[in-house]
Amino acid sequence: MTSHAPTEDRGLLRFTTCGSVDDGKSTLIGRLLFDTRSILVDTLRAIERTSAKRGLGAVDLSLLTDGLQAEREQGITIDVAYRYFSTGTRKYIIADAPGHEQYTRNMVTAASTASLAIILIDARKGVLTQTRRHSHIARLMGIAHVVVAVNKMDLVGFDRAVFERIAGEYAAFAAPLGLRDVTFIPMSALEGDMVVDRGTSMPWYEGPTLLEVLEAAPAEHAERSARLRFPVQYVCRVHDEGLGGEGAARDDGRAGAGFRGFMGRVESGAVSPGDAVVVLPSGRETRVRDVQINGVSLARAEPEQSVTLLLDDEIDISRGDMIVRRGDGAEGRKQIEAMVCWLAEAPLDRARKYLVRHTTRETKAAVASIAYRIDINTSAEVPATELRVNDIARVTFKLAQPVFCDPYEENRATGAFIVIDESTNNTVGAGMIL
Amino acid sequence: MTHDARTGTLSHLDWLESEAIHIMREVAGQCANPVLLFSGGKDSICLLRLAEKAFRPGRFPFPLMHIDTGHNYGEVTAFRDQRAAELGERLIVRSVEDSMRRGTVVLKAPGESRNKHQSVTLLEAIEEFGFDCCIGGARRDEEKARAKERVMSFRDEFGQWDPKNQRPELWNLFNARTFKGENIRAFPISNWTELDVWQYIAREGLALPSIYFAHTRPVVRRGGALVPVTPLTPPRADDVVEEIMVRFRTVGDITCTAPVESDADTVAKIVAETAGTTVTERGATRLDDQTSEASMEQRKKEGYF
């Protein structure tokens with residue numbers, strides 16, 4: 001929390017941190033929270049006590065991200081943790097994924113909502129197998145911006161040559177992956193250099209600090225496709241007087257028609273009254289009569305905004321349908337090819353039917369074929385006939401009903417789906433449509 | 001609506017609001033019989049505004065419910081009833097004291113905190129009404145056992161939260177499916193901090209129970225916390241009772257909710273104070289969370305919100 005009033009609201013940025021405890025990931029997160037003054041006194045006192053109990057000379061900032069009792073007992077981190085801080089101009093949500101090899105699914109989960117990834121490299125060790133794994137997952141999950149944090153520079157004498165060698169090594173292996181925007185930062189999370197403050201140990205580095213990169217990163221939606229995608233979540237019908245407030249019904253001037261509003265979130269693009277739209281799957285065309293929140297009309301709904309759309313014509317629309325701009329339709333597909341990360345302990349059973357949820361739509365699905373599995377450590381495509389937990393593979397599903405999708409590369413919201421096992425109701429897979 | 005003029009980016013409050021509306025609508029779309037837990041506290045007051053934005057001009061697709069410990073401040077329960085009436089929505093109240101009469105809640109000491117006993121009454125109410133989802137105002141920044149909480153958190157038929165058996169939650173594709181007897185706890189303001197809540201209350205001009213604002217109250221100082229002097233929490237023989245300006249940051253069971261010293265008597269002043277605050281909300285005000293490092297985690301496993 002900051003003590004200065006926000007002067008400009010740069011919205012919200014979600015990012016993920018990849019690395020193991022050994023890379024100083026917990027210390028880095030602790031440092032970000034500490035130096036942005038997001039750690040409060042009672043929390044700080046608690047970790048001071050723990051640090052002293054463990055015989056440490058200084059406060060161990062990594063204790064700030066210490067997890068659940070169940071995890072402490074086992075000495076492992078079992079889940080993605082979410083942390084928050086604000087600089088006064090921007091709010092941040094950190095999805096902190098454990099770095100363990102067997103937790104690919106955790107990193108996939110953390111990366112799914114992030115628009116930036118911080119990949120930690122220990123300056124003493126350089127690029128490792130896990131660096132490749134983290135980078136590959138970041139690419140696969142559509143993260144546009146990667147910060148390679150070469151950490152523990154204090155342990156290599158803040159040596160510029162070490163930093164430049166690691167940056168060169170990383171750039172060489174990452175180029176074929178197709179990461180678009182990579183920033184290299186030498187840092188010491190332990191001492192605080194180049195995280196929030198520049199420090200004095202690396203005058204040779206002229207690039208941005210980590211916080212400067214975070215503050216400047218574009219908002220998530222800015223890089224999505226600009227095509228209108230409005231999956232209908234819920235249909236609001238009011239036949240009686242409605243309820244109090246500005247939103248009371250009977251605003252459409254049609255006797256007996258009542259109020260029919262289509263509620264959902266603008267996943268991409270924007271929508272305004274008067275726009276010509278098409279409703280999928282029916283293909284019926286109409287115009288947007290009004291865009292509302294709580295009965296208040298808006299001139300325009302922005303990407304990521306939850307609103308209610310009123311349409312000119314009475315069309316039968318239900319949850320799972322999608323409203324798009326005329327001439328800019330999403331493709332309806334009954335067969336989807338996707339990169340799929342398997343999340344469940346029970347392997348994918350090719351004989352079984354699963355449920356696919358795509359936006360607000362659910363349909364039965366069966367595996368048509370598995371093309372290959374990716375060795376996430378080497379990026380190699382290897383032949384595969386099955387899919388086990390933490391595997392990532394290229395899979396084709398046949399669907400009972402079409403989904404209206406875009407390639408994940410163009411639009412995360414309409415390119416992503418989850419696989420649900422109906423016998424347990426668990427979420428067992430995550431897919432990115434090609 | 002306040003947008004960044006150059007990019008069309010939603011302000012952080014608009015983004016959080018939109019996400020919360022999205023989550024509530026997913027509950028409405030996926031669950032057969034949800035309920036919204038409304039205590040009259042600030043977080044659930046925000047939930048009601050979010051529900052208005054999500055569902056008006058329609059009715060809420062769920063009733064409101066309060067699990068009353070019988071240890072609430074009168075101002076808060078009065079506010080609760082008034083707010084439900086203004087909205088024209090159905091309010092269910094189920095009482096820990098009824099569970100005590102049934103013998104399902106047994107107190108170890110007559111005056112003890114009933115906070116943890118709410119779990120029993122909540123589970124009884126879930127069974128009575130067959131609720132498949134409870135919408136609550138918990139936030140991930142409140143306590144470390146909450147940092148890993150899902151937006152849609154799965155509870156088994158005994159209401160238990162198993163940290164090792166939570167569904168992966170990716171993108172904004174929430175899975176609220178349940179079998180009969182199981183339950184989802186949905187947390188639309190998971191990603192909000194205490195400051196976000198106060199900024200939202202300020203922006204929306206939301207009314208709050210009076211005890212959130214600075215007022216003079218008799219208190220005693222115990223272990224770094226202020227303990228209000230009430231019939232349930234009388235002063236001990238060696239206590240020094242002081243009349244000072246305080247406000248509550250959370251309102252719950254009287255026996256375990258402490259005020260903080262403050263002269264912030266408007267929402268704007270509370271926002272300013274929260275932005276500069278140095279003690280976490282639960283650290284300052286929840287006497288029950290300090291008992292053991294893992295006490296929230298323990299209570300959640302037992303079915304607590």
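Note that the structure is a prediction, hence the values are computed from the model and not measured.

Take the overall build of chain A next. Looking only at helices and strands, chain A features eight helices and 20 strands. A separation threshold of at least 6 residues defines the contact pool for chain A, and within that pool the share at least 24 residues apart is 73%.

On to the overall build of chain B, then. Of regular secondary structure, chain B possesses nine helices and 10 strands. Relative to its full complement of 305 residues, chain B shows a buried share of 66%. When the accessible surface of chain B is totalled, it reaches about 10,900 Å², and 52% of it is carbon and sulfur.

Residues and elements named next belong to chain A. Counting buried positions over the six residues of strand S12 (residues 306–311) gives six, a clear majority of the element. Note: strand S10 (residues 284–293) against S12, four bridges, orientation antiparallel. Counterpart to Gln-292 in the pairing with S12 is Thr-308.

All names here are of chain B. Its 14 residues place the ends of helix H3 (residues 74–87) 20 Å apart at the C-alpha level, agreeing with the 20 Å of an ideal helix rising 1.5 Å per residue. The set of residues buried in H3 consists of Val-76, Thr-77, Phe-79, Arg-80, Arg-83, Ala-84 and Leu-87. Projected onto a plane normal to the axis of H3, the buried residues spread over an arc of 155 degrees and lie on a single side. Across H3 from its buried face, at more than 90 degrees, point the exposed residues Ala-85 and Glu-86. Residues of H3 that are buried in the fold lie against helix H2 (42–55), strand S2 (64–68) and strand S3 (91–95). Immediately downstream of H3, the backbone of Gly-88 shows phi near 70 degrees, a positive value.

Here the focus is the side chain of Asp-290 of chain A. Residues and elements named next belong to chain A. Structurally, Asp-290 can be placed in strand S10. Among the polar contacts made by the side chain of Asp-290, one reaches the side chain of Gln-292 at a distance of 3.1 Å. Excluding residues that lie within four positions of it along the chain, Asp-290 makes contacts with Pro-273, Ser-297, Thr-308, Leu-309 and Leu-310.

Below, the discussion takes up a positive patch on the surface. All names here are of chain A. On the surface, a cluster of positive charge is contributed by Arg-45, Arg-49, Lys-53 and Arg-54. You can see Lys-53 is positioned in helix H2 (residues 41–53). According to the relative accessible area criterion, Lys-53 is exposed, its value standing at 72%.

This part is about the confidence of the model for chain A. Residue and element names in this part refer to chain A. In this model, chain A carries a mean pLDDT of 87, and residues with pLDDT of at least 70 account for 89%. Confidence drops under a pLDDT of 50 for residues 1–6, and excluding neighbours within four residues, the segment shows 20 contacts in the predicted structure. Confidence drops under pLDDT 50 across residues 242–256; counting only partners more than four residues distant or on other chains, this segment forms 33 contacts.

So, on to the sheet that holds strand S3 (residues 91–96) of chain A. All names here are of chain A. Spatial strand order, S2-S3-S1-S4-S5-S6: six strands in an open sheet with mixed pairing. Each end of this open sheet is capped by a strand with a single partner; those strands are strand S2 (81–86) and strand S6 (181–186). Averaged over neighbouring strand pairs, the angle between their axes works out to 25 degrees when direction is ignored. In this structure, strand S4 (residues 116–122) lies alongside strand S5 (residues 145–151), joined through seven bridges in parallel fashion. By the bridge assignment for S5, Leu-116 is matched with His-145.

Turning our eyes to something else, we now look at the nonpolar core. Counting 152 residues, the largest nonpolar core has Tyr-170, Leu-210 and Leu-214 of chain A together with Met-24 and Trp-171 of chain B as the members making the most contacts within it. Residues in contact with Trp-171 of chain B, not counting those within four places in the same chain, are Ser-112, Thr-113, Met-141, Tyr-408, Ala-416, Phe-417, Ile-418, Ala-430, Gly-431 and Met-432 of chain A. In terms of nonpolar packing, the next biggest core, distinct from the first, is built from 23 residues, Trp-342, Ala-365, Val-367 and Ile-370 of chain A among them.

This brings us to the pattern of salt bridges. All names here are of chain A. Here the structure, examined in full by the defined rule, presents 53 salt bridges over all chains. Among the ionic pairs, Lys-25 bridges to Asp-96, the shortest N-O distance being 2.6 Å. Highlighted residues: Lys-25 in helix H1 (residues 25–35) and Asp-96 in strand S3, separated in sequence by 71 residues. For Lys-25, a relative accessible area of 5% corresponds to the buried category. Note that Arg-388 is salt-bridged to Glu-386, the shortest N-O span being 2.9 Å. Assessed through its relative accessible area of 43%, Arg-388 is described here as partly exposed.

This part takes up the sheet that holds strand S1 (residues 34–37) of chain B. Residues and elements named next belong to chain B. If you trace the six strands from one edge of the open sheet to the other, you get S3-S2-S1-S4-S6-S5, paired in mixed fashion. Of all the strands in the sheet, the pair left with one neighbour each is S3 and strand S5 (152–155). Direction aside, neighbouring strands of the sheet carry axes that sit 30 degrees apart on average.

Looking at the element boundaries, Arg-265 of chain A is found in strand S8 (residues 259–265). On the basis of relative accessibility, which here comes to 6%, the residue Arg-265 of chain A falls in the buried class. Taking the C-alpha atoms as reference points, Arg-265 of chain A and Thr-308 of chain A, 43 residues apart in sequence, are found 8.4 Å from one another. Once residues lying within four places of it in the same chain are set aside, the contact partners of Arg-265 of chain A are Arg-229, Phe-230, Pro-231, Gln-233, Glu-304, Gln-305 and Ser-306 of chain A together with Ser-18, Glu-19, His-22 and Asn-172 of chain B.

Moving on, we come to the confidence of the model for chain B. All names here are of chain B. Considering every residue of chain B, the mean pLDDT works out to 86; 88% of them sit at 70 or more. Across chain B, the element-wise mean pLDDT spans from 50 in helix H8 (residues 281–285) up to 98 in S1. The model gives residues 285–294 a pLDDT under 50, and that stretch makes 30 contacts with residues more than four places away or in other chains.

All names here are of chain A. Within the element layout of this structure, Phe-417 appears in strand S19 (residues 416–421). Note on Phe-417: relative accessible area 0%, which makes it buried. For the pair Phe-417 and Ala-430, spaced 13 residues apart in sequence, the C-alpha separation works out to 6.0 Å.

This part covers the pairing of S6 of chain A. Residue and element names in this part refer to chain A. Note: S5 against S6, six bridges, orientation parallel. What sits directly across from Val-146, in S6, is Val-182. Tracing the backbone out of S5, into helix H6 (residues 160–174) and back to the parallel element S6 gives a crossover that is right-handed.

To describe a pair of aromatic rings, one takes the distance between the centres and the angle between the planes. Scanning all chains against the criterion turns up 17 aromatic pairs over all chains. Consider the rings of Tyr-170 of chain A and Phe-173 of chain A, whose centres lie 4.9 Å apart with planes at 70 degrees: the pair is edge-to-face. Placement of both Tyr-170 of chain A and Phe-173 of chain A in helix H6 is noted, with a separation of three residues, approximately one turn of the helix. Like Phe-173 of chain A, Tyr-170 of chain A is buried. The interplanar angle of 75 degrees and the centroid separation of 5.6 Å between the aromatic rings of Tyr-234 of chain A and Phe-55 of chain B together place this pair among those described as edge-to-face. Here Tyr-234 of chain A, found in strand S7 (residues 229–238), pairs with Phe-55 of chain B, found in helix H2, and the two come from separate chains. Put simply, the rings of Tyr-234 of chain A together with Phe-55, Phe-60 and Phe-62 of chain B pair up and form one aromatic cluster. The ring of Tyr-354 of chain A has Arg-352 of chain A lying over it, and the distance from NZ or CZ to the ring centre is 5.1 Å.

Cut-off values and rules
- Residues numbered from 1 in each chain as written.
- Chains lettered and ligands numbered in written order.
- Predicted model: local features only at pLDDT ≥ 70, side-chain atom pairs only at ≥ 80, totals over all residues.
- Heavy atoms only, no water.
- Helix = DSSP H or I, 4+ residues; strand = E, 2+ residues; numbered from the N terminus.
- Contact = heavy atoms within 4.5 Å.
- Buried < 20%, exposed > 50% of the residue type's maximum accessible area, 1.4 Å probe, protein only.
- Areas by Shrake-Rupley, 256 points an atom, 1.4 Å probe, with all protein chains shown as cover.
- Pairing = 2+ DSSP bridges.
- Expected span 1.5 Å × (residues − 1).
- Arc of directions from axis to C-beta.
- Polar contact = N/O pair within 3.5 Å; in protein donor to acceptor, adjacent residues only side chain to side chain.
- Patch = residues over 30% accessible without salt bridge, like charges linked within 9 Å, V, L, I, M, F, W, Y side chains within 5 Å.
- Salt bridge = Lys/Arg side-chain N within 4 Å of Asp/Glu carboxyl O.
- Lys, Arg positive; Asp, Glu negative; His and termini not counted.
- Charge placed at Lys NZ, Arg CZ, Asp CG, Glu CD.
- pLDDT = per-residue confidence, 0-100.
- Axes fitted to C-alpha atoms, helices over the stretch in contact; angles between N-to-C directions.
- Core = buried A, V, L, I, M, F, W, Y, C linked by side-chain atoms within 4.5 Å.
- Right-handed = clockwise from strand over helix to strand, strands pointing away.
- Phe/Tyr/Trp six-rings, centres within 6.5 Å; stacked < 30°, edge-to-face > 60°.
- Lys NZ or Arg CZ within 6 Å of the ring centre and 35° of its normal.

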